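One letter stands for each residue in the lines below.
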Amino acid sequence: VLSKRLSVVGQEVPQGARLADIGSDHAYLPVALMLAGKIDFAVAGEVVKGPFESAKAQVEKSGLSEKIMVRLADGMAAVQEADAIDTVTIAGMGGTLIAQILAGGKVGGQLKGTERLVLQPNVGEPQVRLWLLDNGYEIITEHILEENDKRYEIIVAEPCKGDKQLSYTQDELFFGPFLMKEKSPVFLAKWQQEAEQLRRVLQQLQQATTPQEAKVAELTLELQRIEALLA
Ligand code: SAM
């Protein structure tokens, strides 16, 4: 049974997809989606030997070795031309790493710019949105959820169609264009908690013996942004 987090990622994978799950660890996501008849083919990419072996064992145990290719590779290098991948999932990593993996896929030619992307950064969500914006991807929906006292954001993007001019405001990049409109209870709880933490850090910085003016200015701006959203 998939975690709630991976279930929501899986819900955003289209029926009949040819999926690349990068940083697949145990390959839980592609295995569950294949067993549910949701996807036709998958690549499970892993850069670390241990998780790669776990993924292979999981796929073999499930009798899916013909349909899920487990490959030891850095990022999108796991994908080959003949795979004809149309959907990419990258979950459970920092936003900076996700953006690096996508950028590497673009340079390497494995990411064509036609795929649907389903991304679940643990931190650094704005970096992911910025990469999407800079690379002609439009965010088509977002989710936020809570599981085991942690909150997760899921960002779904597709290539921007036609000659639509994409732009996001600073607030949209920071909070998420869909999430900030929806203002769900989980979203509000996340930003209330962030604001409280910022206030505590600011108080400590202001009491510090060495002046921390630049940091104080930066965090004050961030706090103001959050307070304006919550107001
Ligand atoms: N995607 C799974 C999930 O969401 O439950 C696993 C998340 S796990 C915390 C992150 C995985 O990404 C690790 O197994 C790690 O080895 C792998 N990883 C990190 N950087 C990677 C890269 N550049 N290419 C492929 N896999 C990577």
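Up top you'll find the structure we're talking about.
Right, let's walk through the structure included here. Everything numeric in this text was worked out from a predicted model, so none of it was measured.

**Details of the packing of aromatic side chains**
In the structure shown here, the tally under the stated rule is 6 aromatic pairs. Judged by centre distance (4.9 Å) and plane angle (85°), the ring pair of Phe174 and Phe175 falls under edge-to-face. Measuring from ring centre to ring centre gives 4.8 Å for Phe175 and Trp191, while their planes differ by 85°; the resulting arrangement is edge-to-face. Highlighted residues: Phe175 in helix H6 (residues 170-175) and Trp191 in helix H8 (residues 185-207), separated in sequence by 16 residues. Note on Phe175: relative accessible area 0%, which makes it buried. The exposure class assigned to Trp191 is buried, which follows from its relative accessible area of 5%. An aromatic cluster of at least three residues, connected via ring pairs, comprises Phe174, Phe175, Phe187 and Trp191.

**Here we look at the nonpolar core**
Core analysis: the biggest nonpolar cluster contains 28 residues, and Ile22, Val88, Ile90, Leu117 and Leu132 have the highest contact counts within it. Those elements giving two or more residues to this core turn out to be strand S1 (17-22), strand S2 (39-46), strand S4 (87-93), helix H4 (95-108), strand S5 (116-121), helix H5 (125-134), strand S6 (137-147) and strand S7 (150-159). If one sorts the elements of this core by residue count, H4 sits on top with 4 residues. In contact with Ile90, other than residues within four places in its own chain, are Ile22, Ile98, Ile101, Leu102, Val118, Leu119 and Gln120.

**Thoughts on the site of the ligand**
By nearness alone, 16 residues border the ligand, and Arg5, Gly23, Glu46, Asp74 and Gly75 come closest of all. A distance of 2.7 Å separates a nitrogen atom of the ligand from a polar side-chain atom of Asp74. Gly75 is positioned such that a nitrogen or oxygen atom in its backbone is 2.8 Å from a nitrogen atom of the ligand. For the ligand, the protein covers 78% of the area, taking 600 Å² as the surface of the free molecule. Only helix H1 (4-11), S4 and H4 provide two or more residues apiece to the shell around the ligand. Of all the elements, S4 adds the most residues to the shell around the ligand, at 3 residues. Grouping the constituent residues of the shell around the ligand by class yields 9 nonpolar, 3 polar and 4 charged.

Cut-offs and rules
Residues numbered from 1 in each chain as written. Predicted model: local features only at pLDDT ≥ 70, side-chain atom pairs only at ≥ 80, totals over all residues. Heavy atoms only, no water. Phe/Tyr/Trp six-rings, centres within 6.5 Å; stacked < 30°, edge-to-face > 60°. Helix = DSSP H or I, 4+ residues; strand = E, 2+ residues; numbered from the N terminus. Buried < 20%, exposed > 50% of the residue type's maximum accessible area, 1.4 Å probe, protein only. Core = buried A, V, L, I, M, F, W, Y, C linked by side-chain atoms within 4.5 Å. Contact = heavy atoms within 4.5 Å. Near = heavy atom within 4 Å. Polar contact = N/O pair within 3.5 Å; in protein donor to acceptor, adjacent residues only side chain to side chain. Areas by Shrake-Rupley, 256 points an atom, 1.4 Å probe, with all protein chains shown as cover. Nonpolar A, V, L, I, M, F, W, Y, C, P; charged D, E, K, R; others polar.

Any functional reading would require information that these geometric values do not contain.
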